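Reading the structure
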Amino acid sequence: MDEEAPNRAWHEIVRDVLKRHKVSLVTYVPDNVLRPLIEGVHADPFFTAFAVAREEEGLGILSGAWMGGTRGILLMQTSGFATLPNVIASLAVPFQIPVLMMVSERGTLGEFNIGQSLVARTMRPVLDALAVEHHTMTRLDEVEFIVDRSITQAVATQAPCCFILSPLLTGGKVFAA
Amino acid sequence: MSFSANHPTNRAQAKVLNRFDITQRLVARLKHDEAVIGGIGYTNFDLWGAGQRTQNFYMLGSMGLAVPIALGVALAQPQRRVFALEGDGSILMQLGSLATVAARAQKNLAIVIMDNGTYQITGGQQTLTEQGADIVAIARGAGLVQSAWAADEGGFEELIDLALREDGPWLIGCRIDREKPKQTTERDPPRIRDQFMRGLGAKK
């Protein structure tokens, strides 16, 4: 799969695949794990990237952009995803808008914040309840395949898709004891 | 700012307009396939009733997102003017989006707030604008310096003409009455989205 330089970090792979699929608009509510990806898209003039005040807003912007002919992705952490069910259920799914979402997974594998560990348990049930395609990425060698194929599928089937970045892939946020 | 010289300085001074009337006045002035995003509820219904256009998007359900959706369209199509029509209850849910629009300095975007001080569709409960919140003042505070109340029907048309002619972003506050909408938007999301994309030329 990987026809480009080996040993790229996950965020470099994601950035390159987004670019190849002409996903040029990136809205986000920041997260430490996402930082290198956010910095990467800011550094590349191909992307229009900016922070929004709230995740719902970012998803609304992507929906409008898609209808105007521009593809986009929303970056957030697990707790931010928890603000989205109404918007996914009332905008992205029924209007058949293939918004892409990427979640830095907190709440598992060493979480230190109980709020994060609790809200994290709502994420996959919400995605499953709304029948939204989602993939949890745990290994570097699967990142390109999952993101590449899933963007193709999202666009072809006019359906949203959510990528979950496991701490197994990113290292996650480490508890500073 | 000179553009606001003829407009009231606060909500209390603005004339109470009729939602359907000013929606018709807006639509009548759209000569260049401008996009219009109708927010949830009666704002949307009267946009539908004012004459369906393929460049209209009728949002159903995602309360508060007319401005973000309009910003997305405006980003994707910088040559097209885009209007967001939003109610007071809706914009109060997503005030951060005003700051986002200001930070983007989105030139081709105008926001029209229809403010009757109530959640009319759910039984007329008061919103915060009836209790002191002034959306135009909030918008200015968020960085949308070109924000003004429409003094009356003429003032509304004057502000719309400015938004059609001059760089935005714009925010036009309109006090409106509580008349029921003329029609109800047909609730067929895939059709609404498909027509809108064709109306914008994003789909052939």
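Refer to the structure printed above.
Residues numbered from 1 in each chain as written. Chains lettered and ligands numbered in written order. Predicted model: local features only at pLDDT ≥ 70, side-chain atom pairs only at ≥ 80, totals over all residues.

Counting its secondary structure elements, chain B contains eight helices and eight strands. Computed over the C-alpha atoms, the radius of gyration of chain B is 15 Å, within 12% of the 17 Å expected from 2.2 N^0.38 for a compact globule of 204 residues. In terms of principal-axis extent, the alpha carbons of chain B reach across some 45 × 35 × 30 Å. Here chain B, with 204 residues, has 53% of them falling under the buried criterion. (Helix = DSSP H or I, 4+ residues; strand = E, 2+ residues; numbered from the N terminus. Rg over C-alpha atoms; globule rule 2.2 N^0.38 Å. Buried ≥ 20, exposed ≤ 12 C-beta atoms within 10 Å, placed from the backbone.)

The next point concerns helix α7 (residues 153-165) of chain B. Residues and elements named next belong to chain B. Taking 1.5 Å of rise per residue, the 13 residues of α7 would be expected to cover 18 Å, and the 18 Å separating its terminal C-alpha atoms lies within 8% of that figure. Of all the positions in α7, only Gly155, Phe156, Leu159, Ile160 and Ala163 are classed as buried. Angular distribution of buried residues about the axis of α7 spans 135 degrees; they occupy a single face of the element. Facing away from the buried side of α7 by over 90 degrees, the exposed positions are Gly154, Asp161 and Arg165. Buried residues along α7 sit against α1 (19-28), β4 (109-115), β7 (147-149) and β8 (170-175). (Expected span 1.5 Å × (residues − 1). Arc of directions from axis to C-beta. Contact = placed C-beta atoms within 7 Å.)

A word on the interface of chain B and chain A. Each partner contributes to the interface: chain B provides 27 residues, whereas chain A provides 26 residues. Of all the secondary-structure elements, those providing two or more residues to the side of chain B that touches chain A are α3 (66-76), α5 (96-104) and α8 (189-199) of chain B. Ranked by residue count, the leading element in the side of chain B that touches chain A is α3(B), at eight residues.

Residues and elements named next belong to chain B. Ile37, Ala70, Val73, Val112, Ile172 and Cys174 are the most contacted members of the largest nonpolar core, which has 116 residues in total. Take this core: its biggest share by element is nine residues, from α3. Setting aside residues no more than four positions away along its own chain, Val112 makes contact with Leu26, Phe83, Ala84, Leu85, Ile172 and Cys174. (Core = buried A, V, L, I, M, F, W, Y, C linked by C-beta atoms within 7 Å.)

A word on the sheet that holds strand β2 (residues 56-58) of chain B. Residues and elements named next belong to chain B. Within the open sheet, the six strands sit side by side as β2-β1-β3-β4-β8-β7. Their pairing is parallel. This sheet does not close on itself; its edge strands, each paired only once, are β2 and β7. Strand-to-strand, the axes of this sheet are offset by a mean angle of 15 degrees, without reference to chain direction. Strand direction decides the pairing type here: strand β3 (residues 82-87) and β4, joined by six bridges, are parallel. In the sheet register, Ala84 faces β4, and the bridge partner there is Ile111. (Pairing = 2+ DSSP bridges. Axes fitted to C-alpha atoms, helices over the stretch in contact; angles between N-to-C directions.)

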